[in-house]
Amino acid sequence: MSGHGEHIRSRGSSPALAPDKTGLPPLLVAALAAKIAAAAAWAWSAHRLGAALFVAPDPFLFWAVVAPRAQGLVRTATHFATDRREIWLTIDDGPDPHDTPKILDLLDRHRAKATFFVIGERAARHPELVREIVRRGHEVAHHTHTHPRFTFWCAGPGRLAAELDRGLAALRPAGVRPRWFRPPVGIKPFLLAPALGARDLRCVGWTVRSGDCHATSAGALAARVAPRLRSGAILLLHEGPGVPPTVRVTGAARVLAACAELGYACVIPHADQLR
Ligand SMILES: [Zn+2]
């Protein structure tokens, strides 16, 4: 099992997953241009053409917003390049005073490294947990300040800036400056790319969504995750009250045991490995 703790603070260049530009995403520009063209077509009495132009980009935009793996609005890492038997374990929605210390012990026991995508509000309440995550050789990343699940997709520049900047401020007392951002439930606002680009954050999705928040038992969770693992996979787990009581921590324990049985090391990849 390879220890990659020395890579955690690496901020190397990333040709594979370049930082997002600060301008509007091309898909959004094309969609807005189509609306303007539709209005022009209507003005010239080309009503059918106008209607077609008006709605044509919408399915693409909708997909880019709601599909966690879609790349239309913001470049999103969905796996990493490696020729070793290793995965990137990512744990969302903490820190949590009940779960985080136990998960850290589990990770130590398996000599595994993980990235914790934390919620700013929770990090502000438990800066000692954020410090402990880093002290134990893991990485802390950004998962918004308030974790808005249902309305984040339509967030304007002001709200986006508040979620990102307050989340960054919440991590500062623990000495953490995150590299990665993951939007709640993978839904991406129209203007996420320029907002991330301006803050030197890059969007990270996942390869394997464990489904732990809906799992009925730790065993069922491990049975679902194990066959989906591949070298270079990004595995998504959760901690905290969003996970059913029968799966909290025990689910992570069973998944880590399954990774060990299958010979997968849990590592934190370099920035330039992300794809
Ligand atoms: Zn989340």
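Use the structure listed above.
Residues numbered from 1 in each chain as written. Predicted model: local features only at pLDDT ≥ 70, side-chain atom pairs only at ≥ 80, totals over all residues. Heavy atoms only, no water.

The interhelical angle for the contact between helix α1 (residues 26-43) and helix α3 (residues 58-66), taken along N-to-C directions, is 150 degrees, at an axis separation of 10 Å. One finds that α1 runs roughly antiparallel with respect to α3. α1 and α3 meet at a crossing whose hand is left-handed. Contacts between α1 and α3 involve L27, L28, A31 and K35 from the former and D58, F60, L61 and A64 from the latter. (Axes fitted to C-alpha atoms, helices over the stretch in contact; angles between N-to-C directions. Helix = DSSP H or I, 4+ residues; strand = E, 2+ residues; numbered from the N terminus. Parallel < 35°, antiparallel > 145°, perpendicular 65-115°, else oblique. Left-handed = near helix turned anticlockwise from the far one by under 90°. Contact = heavy atoms within 4.5 Å.)

By the element assignment, R179 lies in the loop between α7 (157-171) and β5 (180-181). A polar atom in the side chain of R179 sits 2.5 Å from the side chain of E139. (Polar contact = N/O pair within 3.5 Å; in protein donor to acceptor, adjacent residues only side chain to side chain.)

The subject of this paragraph is the pattern of salt bridges. Counted by the stated rule, this structure contains 10 salt bridges. Between D92 and R182 there is a salt bridge, with the nearest N and O atoms lying 2.7 Å from each other. Remark: R182 occurs in the loop between β5 and α8 (192-198) and D92 occurs in strand β2 (residues 86-92); sequence separation between them is 90 residues. The burial state of D92 is the same as that of R182; both residues are buried. Between E139 and R179 there is a salt bridge; the shortest N-O distance is 2.5 Å. Taken together, the residues span a long stretch of sequence, with E139 in strand β4 (residues 139-142) and R179 in the loop between α7 and β5 at a distance of 40 residues. (Salt bridge = Lys/Arg side-chain N within 4 Å of Asp/Glu carboxyl O. Buried < 20%, exposed > 50% of the residue type's maximum accessible area, 1.4 Å probe, protein only.)

Below, the discussion takes up helix α6 (residues 127-135). Among the residues of α6, L129, V130 and I133 are the ones counted as buried. The buried residues of α6 occupy one face: seen down the axis, they fall within an arc of 100 degrees. Buried residues along α6 sit in contact with α4 (99-109), β3 (114-118), α5 (120-125), β4 and α7. Taken from the residues just after α6, G137 is the one with a positive phi, measuring 95 degrees. (Arc of directions from axis to C-beta.)

This part takes up the coordination of the zinc ion. The zinc ion binds to the protein through D93 (OD), H143 (NE2) and H147 (NE2); the donor distances cover 2.0 to 2.1 Å. Exposure remark for H147: the relative accessible area of 12% places this residue in the buried category. (Donors = N, O, S within 2.8 Å, 3.2 Å for Na, K, Ca; no water.)

Let us look at a nonpolar patch on the surface. A cluster of nonpolar side chains, contributed by L24, V29 and L32, occupies part of the molecular surface with about 250 Å² of accessible area. By the secondary structure assignment, V29 is in helix α1. On the basis of relative accessibility, which here comes to 40%, the residue V29 falls in the partly exposed class. (Patch = residues over 30% accessible without salt bridge, like charges linked within 9 Å, V, L, I, M, F, W, Y side chains within 5 Å. Areas by Shrake-Rupley, 256 points an atom, 1.4 Å probe, with all protein chains shown as cover.)

Another aspect to go through is the environment of H143. Tracing the chain through its elements places H143 in the loop between β4 and α7. Each C-alpha atom, one on H143 and one on V185, is 9.9 Å from the other, the two residues being 42 residues apart in sequence. Sequence-distant contacts of H143, defined by excluding residues within four places in its chain, comprise D92, D93, F117, V118, I119, F181, R182, P183 and P184. A polar side-chain atom of H143 sits 3.0 Å from a polar atom in the side chain of H147.

Quick look at the environment of I119 now. As for its position among the elements, I119 is in the loop between β3 and α5. You can call I119 buried: its relative accessible area is 3%. Sequence separation of I119 and H142 is 23 residues, and the distance between their C-alpha atoms is 6.8 Å. Once residues lying within four places of it in the same chain are set aside, the contact partners of I119 are D93, G94, P95, H143, T144, H145, T146 and H147.

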